[in-house]
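# Breakdown of the fold
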Amino acid sequence: MPRSLRHLLLAVLPVTLAASLLPAVYSNQLLLFNFVVFLTLAQGVNVIYGFTGYLPFGYVGFFGAGAYGFSLCVIHLHAAPPLALAAGSLAAILLGLLLTPLLRLSGAYFAIANLAASLALYQVISNPNLTDITKGPYGITLSGVYQPALSYGTAVAIMTATLALTVFLRNSNFGLSLQAIREDAVSAAMAGIDVVRARTTAWLLSALIAGLIGADFAWYVSVFYPDTVFSPEFSIFAIVFALFGGVATVSGPVLGVLLLYGIYNVIGISTPQYFQLIYGLLIMLLVLFLPNGVVSLMRKRGIDVP
Amino acid sequence: MSPEPAPLLRVAGLVKRFGAFRALDGVSFHVQPGEILGLVGPNGSGKTTCINVVTGLYAPDGGEVLFEGAPIGGLASHRIVHRGINRTFQVPKPFLTLTVRENVVVAANHARRDGAAVGVDEVLASLGLEAHAAKPAAELNSVQQKMLDLARALATRPRLLCVDELAAGLNPGELDRIAERLRALARSGMALLVVEHLMGFIDQVTDRVIVLNSGKEIFEGTLAAAVQDKRVVEVFLGADDGS
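The rules behind each value
Residues numbered from 1 in each chain as written. Chains lettered and ligands numbered in written order. Predicted model: local features only at pLDDT ≥ 70, side-chain atom pairs only at ≥ 80, totals over all residues. Heavy atoms only, no water. Helix = DSSP H or I, 4+ residues; strand = E, 2+ residues; numbered from the N terminus. Buried < 20%, exposed > 50% of the residue type's maximum accessible area, 1.4 Å probe, protein only. Contact = heavy atoms within 4.5 Å. Areas by Shrake-Rupley, 256 points an atom, 1.4 Å probe, with all protein chains shown as cover. 1 Å grid on protein atoms, 1.4 Å probe; cavity = no way out; pocket = protein on both sides within 12 Å on 5 of 7 lines; lining within 4 Å. Points joined across faces, edges and corners; volume = space filled by probe spheres on them. Nonpolar A, V, L, I, M, F, W, Y, C, P; charged D, E, K, R; others polar. Buried area = accessible area lost by both parts, 1.4 Å probe. Salt bridge = Lys/Arg side-chain N within 4 Å of Asp/Glu carboxyl O. Polar contact = N/O pair within 3.5 Å; in protein donor to acceptor, adjacent residues only side chain to side chain. Phe/Tyr/Trp six-rings, centres within 6.5 Å; stacked < 30°, edge-to-face > 60°. pLDDT = per-residue confidence, 0-100. Lys, Arg positive; Asp, Glu negative; His and termini not counted. Pairing = 2+ DSSP bridges.

Helix and strand counts for chain B stand at 9 helices and 10 strands. Taking the principal axes of the C-alpha coordinates as reference, chain B spans close to 60 × 45 × 40 Å. Within chain B, the proportion of its 243 residues that are buried is 51%. Looking at chain B alone, contacts between residues at least 24 apart form 67% of all its contacts between residues at least 6 apart. Taken as a whole, chain B presents about 10,600 Å² of accessible surface, with 53% of it coming from carbon and sulfur.

Next comes the structure, spelled out in structure tokens:
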């Protein structure tokens, strides 16, 4: 069996099946939806950080751009949700294109510049003077297109496509080129890789992923404020989940979301002080002893982790 | 006079400035296919800068770099690699978390499209890396990492290979083996530009040397003639104050 097919069967199929079937037996669909959102965002971070080496601290900017692209298209153009989803992805890709010069930076400088860009976008959208266009700080209401079942199913489809993309990156020449760029951009150029084009492609793919799931988030919740979809928690959670599981794999970010977001939902809501304590300790231990994530435990033993 | 074959690489009046400092100040030389040209000179004379301009890491500030007759000065590195030039680095720069084999596969994937594909396993075997193919490159020692740098360069099937201080840190047995490898590559028609401090190694592999000082070439000819040249001796040993 080809390695990519094995990865699809082991790491993608179970997640997609679980996300599709659980709503039938578990009533808290919003919680399941949030899992799907974070499974998608963590893979989006994986594409640009795990494979390409850029830590996107302002990753939520693409999520917010997608949510607002969707909403404004519905509000001003009365578009149907599929068209509005396309508008949301387009908004995220345009933001990605606008920010491509940031890829000249590296390490912490890129992370900080990206964070600043997402904050700037948040300030523009929530500006009261733009209320006629963006509804400013008063938020969005999309009761006309509220379709929880359909938008949940769309989220599962977006997640599945994103997971499949990571399987492709894990098993393709393009994914190998991205990892070479992550390790050493100069050597990658001397290996004949068009570094600028490859990393821009990864960046825009990563933007598209967050934009799509952000647009779908707007559709699913249908009532939200700018600080909901531009909350830095989205970036931080997605990054921590991806790092915890282990980037540049398919299963790492999935495990990260299931374990950490699971813990968050068990104890984070009821006893937030314990959650913060455990979360903080967990992240410290991880950075100290497992910098390559949980899956590195298996990879060290020579197991081919999807 | 017998007509010289057209040079593979012709560098004419090359200038590279860093601020007010002229790292290259009008360097000119050429390399023929199958020839090994040594680039020698004291530290800071512009040898590595020269390779960096030829391989597209820096854009030249003046002068010409012609490869197979076409100007390549200022082209992006990957385009220069696709034309048929590659290099090794003074401090090897492998992709550390990738396996040794993947390091070479990446380059083979982006090799020149014309002609036969390069065999990744053959390249690894020719440089004594076949036993380490499945290891991450980070686990190699520094000599092996140098060989991996060379393997990555060869996987793109270059017509011109620039070798930057490959010999430093090698033991005598390894030196002989790598010298023989480089000579074999030249016999196959590849041109080599070799930057090196070890004069024994230069003597062993090169057909001809260029001596650089302060960004200018001050001598061109065989190494045996170079050591007789008054200016070369002055640059390497200092002027005789008594005369």
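So, next bit.
This brings us to the layout of surface pockets. Empty space within the largest pocket amounts to approximately 1,400 Å³. If you list the elements that add at least two residues to the lining of the largest pocket, you get helix 2 (29-51), helix 7 (148-171), helix 8 (173-183), helix 12 (232-245), helix 14 (272-289) and helix 15 (295-300) of chain A together with helix 3 (100-109) of chain B. The leading source of residues in the lining of the largest pocket is helix 8 of chain A, at 6 residues. A per-class count over the lining of the largest pocket returns 22 nonpolar, 12 polar and 11 charged. When its volume is computed, the second largest pocket comes out at roughly 300 Å³. Forming the boundary of the second largest pocket are Ala185(A), Val186(A), Ala189(A), Asp194(A), Val195(A), Val196(A), Arg199(A), Gly56(B), Leu57(B), Ala76(B), Ser77(B) and His78(B). Counting residues per element, the ones that place at least two in the lining of the second largest pocket are helix 9 (185-190) and helix 10 (195-221) of chain A together with helix 2 (77-83) of chain B.

Often, the extent of an interface is quoted as the loss of accessible area on bringing the components together. Across the contact, 22 residues belong to chain B and 17 residues belong to chain A. Of all residues in chain B, His78(B), Phe95(B) and His110(B) bury the most surface against chain A, accounting for 30% of the area lost on that side. In this assembly, chain B and chain A are joined by 1 salt bridge. Its salt-bridge partner being Asp184(A), residue Lys93(B) comes within 3.2 Å of it at the nearest N-O pair. Applying the counting criterion to the chain B and chain A interface returns 11 residue pairs in polar contact (both at pLDDT 80 or more). Of all the secondary-structure elements, those providing two or more residues to the side of chain B that touches chain A are helix 2, strand 6 (85-87) and helix 3 of chain B. Sort the elements by how many residues they give to the side of chain B that touches chain A and helix 3 of chain B lands first, with 5 residues. Of the residues belonging to the side of chain B that touches chain A, the class tally is 9 nonpolar, 9 polar and 4 charged.

Let us now look at empty space enclosed by the protein. All names here are of chain A. Applying the stated rule across the entire model yields 1 cavity of 30 Å³ or more. Around the largest cavity, the lining residues are Gly58, Gly61, Phe62, Leu95, Leu99, Asn114, Ala117, Ser118 and Leu121. Residues that form the lining of the largest cavity fall into these classes: 5 nonpolar, 4 polar and no charged.

Looking now at the packing of aromatic side chains. Residues and elements named next belong to chain A. Under the counting rule described, the total for this entry stands at 23 aromatic pairs over all chains. Plain terms: the ring middles of phenylalanine 237 and tyrosine 264 are 5.2 Å apart, the flat faces sit at 80° to each other, and that makes the pair edge-to-face. Pair noted here: phenylalanine 237 is in helix 12 and tyrosine 264 is in helix 13 (residues 251-268), with a separation of 27 residues, a long-range link. On the basis of relative accessible area, phenylalanine 237 is assigned to the buried category, the value being 9%. Ring plane angle 15° and centroid distance 5.6 Å describe the contact between tyrosine 261 and tyrosine 264, whose orientation is recorded as stacked.

Residues and elements named next belong to chain B. Scored by pLDDT, chain B comes out at a mean of 91, with 94% of its residues at no less than 70. Mean pLDDT values for the elements of chain B range from 86 in helix 9 (residues 230-237) up to 97 in strand 6. Overall fold confidence (pTM) sits at 0.93, and the ipTM for the predicted complex is 0.92.

All names here are of chain B. Turning to its location among the elements, lysine 146 is positioned in helix 5 (residues 142-155). Lacking a salt bridge, the buried lysine 146 has glutamate 165 as its closest oppositely charged neighbour, with an N-O distance of 6.4 Å. Separated by 2.9 Å, the side chain of lysine 146 and the backbone oxygen of glutamate 165 make a polar contact. Contacts of lysine 146, omitting those with residues within four sequence positions, involve Gln90, Pro92, Glu165, Leu166, Ala168 and Leu170.

The residue Thr162(A) is located in helix 7 in this model. Ignoring sequence-local partners within four residues, the contact set of Thr162(A) consists of Thr40(A), Gln43(A), Gly44(A) and Ile209(A).

Turning next to the pairing of strand 2 (residues 21-31) of chain B. Residue and element names in this part refer to chain B. Inspection of the sheet shows strand 1 (residues 9-18) paired to strand 2 by 8 bridges, in the antiparallel sense. In the sheet register, arginine 17 faces strand 2, and the bridge partner there is arginine 22. Between the end of strand 1 and the start of strand 2, which pair antiparallel, lie 2 residues, with glycine 19 showing a positive phi angle near 65°.

Before going further, it helps to spend a moment on unusual backbone geometry. Residue and element names in this part refer to chain A. For lysine 135, which is not glycine, the phi torsion reads 65° and is therefore positive. Among the secondary structure elements, lysine 135 is positioned in the loop between helix 6 (131-134) and strand 1 (140-141). Given the relative accessible area of 30%, lysine 135 is considered partly exposed. Backbone geometry at alanine 248 places phi at a positive 65°, although glycine is not the residue there. Alanine 248 gets classed as buried once you look at its relative accessible area, which sits at 7%.

Glancing now at the environment of Ala86(A). With respect to the secondary-structure elements, Ala86(A) resides in helix 4 (residues 81-98). Overall, the relative accessible area of 43% leaves Ala86(A) in the partly exposed class.

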